[in-house]
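Descriptive structure summary
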Amino acid sequence: MNKQISPNQSWREGVNYSSPVQKVLIFGWYDGPTDGVLQCGDGQVYRFDLLAWEPATQDLRVFGLFPMPSASWEQLIAICGGPGFRWQEQLRQPIEDVIRQAGDVEWVVATEDLQGEILRVKAIRPDELARVTNWNAFLGLTQEVHDIGPYLKFEE
Amino acid sequence: MAGEPEILKRLGMSRESVVRLSRKAAEAEAALGIHGVSVTAGTPRGPASTAPRPNVEQHFCVHNTSTRADPLHRTIELPKPITQQAADLFNQLFGRS
């Protein structure tokens, strides 16, 4: 794990607050983001990965947030060219090399819009991430969400 | 198998409204630059309705929009604005009538 990850300031446990996310690089999409990297207003950078979603509409999504070194954002911008990037297979390796710097999961976030209203945020330990499958109970959500596994993987 | 048409799978089995399709297409346009909705030619993570790609392409443009997790992600481009007729056709193609 990278040792230069800054102490977290962007996220706090809570409900219904405005997203601290300022910019998003989207690497995965299915009617909405599934994975990528985000930068908060205070410069904190996180990899995000979809953990669960509302099964009928996929509108409400639960993401895991993994801290990254602040400098990783500029590294990714240099590769991807900026927000609005559309995934290109030939850039997979350099992108993977950067996002590999992500640390252990710190937060679980439930939202319909990563840059809009955040419905629920809860701190999480890596061992909990491996164990939890009922995200409704973990986050206290009234809407049903279904676990999709650690990462969104479509088999060929 | 060679010669078999690509099968597009869209999560969910229920009919989709003009409002929902319009919202999802607008989100995709903002993020991906294509006014459309997601399907996969791979294995979907959940119940999905299906349509052969050639059938869909008779009416809508299908873009190969691979993602980090799904190299077989596709985006079906929908007209802007999405009319009731277009939504009905989309649902019909995926057997959601």
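What counts and how
Here the residue numbering is sequential within each chain, running from 1 through the sequence in written order. Written order decides the labels, with chains lettered from A and ligands numbered from 1. Per-residue local features are limited, in this predicted model, to residues with pLDDT of at least 70; the limit for side-chain atom pairs, both in listing and counting, is 80 or more; totals at the level of whole chains, interfaces and linings are taken over all residues. Hydrogens and water are ignored here; the side-chain numbers use all heavy atoms of the structure. Grid points spaced at 1 Å and placed over the protein atoms alone form the basis of the search, with a cavity being a set where a 1.4 Å probe fits but cannot get out and a pocket an open set showing protein on both sides within 12 Å along at least five of seven lines. Lining residues have an atom within 4 Å of a point. Grid points are joined across faces, edges and corners, and a volume is the space filled by probe spheres set on the points. For the purposes of this entry, the term helix denotes a DSSP run of H or I that reaches at least four residues, the term strand denotes a run of E that reaches at least two, and both are numbered from the N terminus. Asp, Glu, Lys and Arg are counted as charged, while Ala, Val, Leu, Ile, Met, Phe, Trp, Tyr, Cys and Pro are counted as nonpolar; the rest, among them Gly, fall into the polar class. Exposure categories follow from relative accessible area, calculated using a 1.4 Å probe and restricted to protein chains: below 20% of the type maximum is buried, above 50% is exposed, and the middle band is partly exposed. Strands qualify as paired when DSSP identifies two bridges or more between them. Residues belong to a common nonpolar core when they are buried Ala, Val, Leu, Ile, Met, Phe, Trp, Tyr or Cys residues joined through side-chain atoms within 4.5 Å. Any two residues whose heavy atoms approach within 4.5 Å are treated as being in contact.

A few words on the layout of surface pockets. Approximately 490 Å³ is the volume found for the largest pocket. For the lining of the largest pocket, the secondary-structure elements that each account for two or more residues are β2 (21-29) and β5 (61-68) of chain A together with α1 (18-32) of chain B. Broken down by class, the residue content of the lining of the largest pocket amounts to eleven nonpolar, five polar and nine charged. Considering only enclosed or pocket space, the second largest pocket measures out at about 320 Å³ in volume. Taken together, 19 residues form the lining of the second largest pocket, with P55, A56 and Q58 of chain A together with G12 and P47 of chain B sitting closest to its centre. For the lining of the second largest pocket, the class distribution of residues is seven nonpolar, six polar and six charged.

Glancing now at the pairing of strand β5 (residues 73-77) of chain B. Residues and elements named next belong to chain B. Of all five residues that make up β5, four are buried, and the element is covered over most of its length. By the bridge criterion, five bridges tie strand β2 (residues 36-40) to β5 in an arrangement that is antiparallel. Bridge pairing in β5 links T40 to H73. Pairing geometry for strand β4 (residues 62-64) and β5, over three bridges, is antiparallel. Directly across from V62, in β5, lies its bridge partner I76.

Ranked by size, the top nonpolar core spans 32 residues in total, and within it F27, V62, I95 and W135 of chain A carry the most contacts. Going through the elements one at a time, β2, β4 (45-53), β5, α1 (71-80), α2 (92-99), β6 (107-111) and α4 (135-139) of chain A are the ones with two or more residues in this core. Considering each element in turn, this core owes the most residues, four residues, to α1 of chain A. Other than its neighbours up to four places away in sequence, V62 of chain A contacts D49, L50, L51, A52, V108, V109, A110, W135, L139, L141 and V145 of chain A. L38 and W53 of chain A together with A28 and L32 of chain B belong to the second-largest nonpolar core, a separate cluster that totals 25 residues.

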